[in-house]
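# Observations on chain architecture
The chain contents come next:
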Amino acid sequence: MYSMNVIASRCLMETVTPQLGIEYAENMGISTLVSSDITPAAALGGLTYGVTNLELTSAFAAIANGGMYTEPVFFTRILDHNGKILIDNTPETRRVLKDSTAFLLTDSMADSVVSGKIYAREGASVSPTSIAANLPNMSTAGKSGTTTANNDIWFVGYTPYYTAGIWGGCDNNQKLTSVNGGTSFHKRIWRSIMTRVHEGLSDPGFTVPDSVETAQICRKSGKLAIPDVCSADPRGDAVYTEYFAKGTVPTEMCDHHVRATICTVSGGAATEFCPEETRVSQTCMTVPDDGISTDDSVFALPAPCTVHSSAGTSTIINPNGTFGTTPMGPGYIPPAGNGADSGTSGQGSYYTPGQLSPGNSTNQYSPTPLSPGSTGGPTPYTP
Ligand SMILES: [Zn+2]
Ligand SMILES: [Zn+2]
């Protein structure tokens, strides 16, 4: 989506292997590869002799065509004046990718040309790489490419109907700058051409092969979404539907999101001492304990509540006559006016010796009856 080189390079080095990657490219019609191309840079198109635009576009067309490669031709038949076929140039096709692989690549490359809510939700400061090539009413997938210092720019993209590749650059290999056209004009050319050739065509969407299935995935972990947990990410629903080749759906549940009970008084993780009415359930992030701040850090599971603890709570009698706990720890400010205990409401139990609540003129504890039915003194109330 964001055209991050390190991901392509690591994939080639650690999963595909450069040798196999080069073999795939050759099987998809790239004829200019040599042994010195078996390097990590090959993942980015860093090649000894490069590629031709025709071969590159043909390779993408194989992905667009569900993994079936068709050698590019410029005519299909030559007939004589009687209609007899002199030369049949109908191209042969061959499978170069599994249809599931081709579709997953298409789905990935569709993400780079569309804009959507997910980017805003992630707080991303960058847009998907190729929005400029987006066709408004047609499914579109594609990939941009740029050589060092913007000497060359490519965009190869396709729809359910057509594949087109545009190269931009200068014959004398000078850099592209804002003076000589910038670095995105090729996407505008691509869009202009494709808009015209698709006039009047409806969008059938990219065909999802039977070899592909879907699963509900958590965007943060890449693992199976936990119902009602990953969807309650504080930044918005982190659950989305992802495609997988059958048999490759993740089996582990998300380990980035946790449901936690938070104390609304302290903002800490609720403990057994936090009163029921202060406890709320919400989704938090599990973050590594490495001191490195990330976008998730502010949503990390907080430390336990320190306002309510066994030492800092006091058992009181609620007006309804049941036992409960109320904040009495350091920094607690009693409700205004409650310090002047009337002795009849039972609310005086908020008041502690030595504390003066706002509005109270007597800076001492008043040992008036505190509970319904109590006849005097702060004696423990027994329901
Ligand atoms: Zn999750
Ligand atoms: Zn608490």
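Anyway, here's the lowdown on the structure attached to this text.

What counts and how
- Residues numbered from 1 in each chain as written.
- Chains lettered and ligands numbered in written order.
- Predicted model: local features only at pLDDT ≥ 70, side-chain atom pairs only at ≥ 80, totals over all residues.
- Heavy atoms only, no water.
- Donors = N, O, S within 2.8 Å, 3.2 Å for Na, K, Ca; no water.
- Tetrahedral: all angles 85-135°; square planar, octahedral: opposite > 155°, others 65-115°.
- Helix = DSSP H or I, 4+ residues; strand = E, 2+ residues; numbered from the N terminus.
- Buried < 20%, exposed > 50% of the residue type's maximum accessible area, 1.4 Å probe, protein only.
- Salt bridge = Lys/Arg side-chain N within 4 Å of Asp/Glu carboxyl O.
- 1 Å grid on protein atoms, 1.4 Å probe; cavity = no way out; pocket = protein on both sides within 12 Å on 5 of 7 lines; lining within 4 Å.
- Points joined across faces, edges and corners; volume = space filled by probe spheres on them.
- Pairing = 2+ DSSP bridges.
- Axes fitted to C-alpha atoms, helices over the stretch in contact; angles between N-to-C directions.
- Contact = heavy atoms within 4.5 Å.
- Core = buried A, V, L, I, M, F, W, Y, C linked by side-chain atoms within 4.5 Å.

### Here's the deal with the coordination of the zinc ion (ligand 2)
Distances from the zinc ion (ligand 2) to its protein donors, namely Cys-263 (SG), Cys-274 (SG), Cys-305 (SG) and His-308 (ND1), fall within the range 2.0 to 2.3 Å. Its four donor atoms give the zinc ion (ligand 2) angles of 105 to 116° at the centre, a pattern that matches the tetrahedral case. Here the donor residues of the zinc ion (ligand 2) share one chain and are spaced in sequence as C-x10-C-x30-C-x2-H. On the criterion of sequence distance, the pair formed by Cys-274 in the loop between β10 (257–263) and β11 (279–285) and Cys-305 in the loop between β11 and β12 (313–317) is long-range, its members being 31 residues apart. Residues Cys-274 and Cys-305 agree in their burial class; the two are buried.

### Section: the coordination of the zinc ion (ligand 1)
Reference values for angles at a metal are 109.5 degrees in the four-donor tetrahedral case and 90 or 180 degrees in the six-donor octahedral case. For the zinc ion (ligand 1), the full set of protein donor atoms is Cys-218 (SG), Cys-230 (SG), Cys-254 (SG) and His-257 (ND1), at a range of 2.0 to 2.3 Å. Taken together, the four donor atoms surrounding the zinc ion (ligand 1) define angles of 99 to 116° at the centre, an arrangement classified as tetrahedral. Coordination of the zinc ion (ligand 1) draws on donor residues from a single chain, spaced C-x11-C-x23-C-x2-H in sequence. Here Cys-230, found in the loop between β8 (212–218) and β9 (239–245), pairs with His-257, found in strand β10; they are 27 residues apart in sequence, far enough to count as distant. A residue is classified by how much of its surface remains accessible, and Cys-230, at 0% relative accessible area, is buried.

### Some thoughts on the pattern of salt bridges
Considering all chains together, one arrives at six salt bridges under this definition. For Asp-255, the salt bridge goes to Lys-223, with nearest N and O atoms at 3.0 Å. Pair noted here: Asp-255 is in the loop between β9 and β10 and Lys-223 is in the loop between β8 and β9, with a separation of 32 residues, a long-range link. Of the charged contacts in the structure, one is a salt bridge between Asp-233 and Arg-235, with a shortest N-O distance of 3.0 Å. Through salt bridges with shared partners, a single ionic network connects Lys-220, Asp-233, Arg-235 and Asp-296.

### Examining the layout of surface pockets
A volume near 300 Å³ is recorded for the second largest pocket. In terms of lining residues, the second largest pocket is bounded by 16 residues, among which Thr-57, Ala-61, Ala-62, Tyr-162 and Thr-163 are the most central. Looking at the lining of the second largest pocket, the elements with two or more residues in it are α3 (53–64) and β1 (68–70). Considering each element in turn, the lining of the second largest pocket owes the most residues, six residues, to α3.

### Describing the sheet that holds strand β6 (residues 152–158)
Across the sheet, which stays open at both edges, the three strands sit in the order β5-β6-β7 with antiparallel pairing between neighbours. Unpaired on one side and paired on the other, β5 (141–146) and β7 (163–169) mark the two borders of the sheet. Going across the sheet, the axis of each strand differs from the next one's by a mean of 10°, ignoring polarity. As paired elements, β5 and β6 share six bridges and run antiparallel to each other. Within β6, the position partnered with Thr-146 by the bridge is Ile-153. Taken strand by strand, α3 contacts β5, β6 and β7, and its axis lies near 145° from that of β7. Against the sheet, helix α6 (residues 185–197) engages β5, β6 and β7, with an angle of about 30° to β6.

### Some points on the environment of Leu-201
Topologically, Leu-201 is positioned in the loop between α6 and β8. Owing to a relative accessible area of 32%, Leu-201 belongs among the partly exposed residues under this scheme. For the pair formed by Leu-201 and Met-138, sequence separation is 63 residues and the distance between their alpha carbons is 8.6 Å. For Leu-201, the residues in contact, after removing those within four places along its chain, are Met-138, Tyr-161 and Tyr-162.

### A word on the nonpolar core
Met-28, Ile-63 and Tyr-158 are the most contacted members of the largest nonpolar core, which totals 24 residues. The set of elements that each furnish at least two residues to this core consists of α3, α4 (99–111) and β6. Ranked by residues supplied to this core, first place goes to α3 with five residues. With residues up to four places along the chain from it excluded, the contact list for Ile-63 reads Met-28, Leu-97, Ala-102, Leu-105, Thr-106, Met-109 and Tyr-158.

### Remarks on unusual backbone geometry
Despite not being glycine, Thr-17 shows a phi value in the positive range, around 80°. By the element assignment, Thr-17 lies in the loop between α1 (5–16) and α2 (18–27). With a relative accessible area of 37%, Thr-17 lands in the partly exposed category. Positive phi outside glycine occurs at Asn-173, with the angle close to 65°. Inspection of the secondary structure assignment puts Asn-173 in the loop between β7 and α6. What makes Asn-173 partly exposed here is its relative accessible area of 45%.

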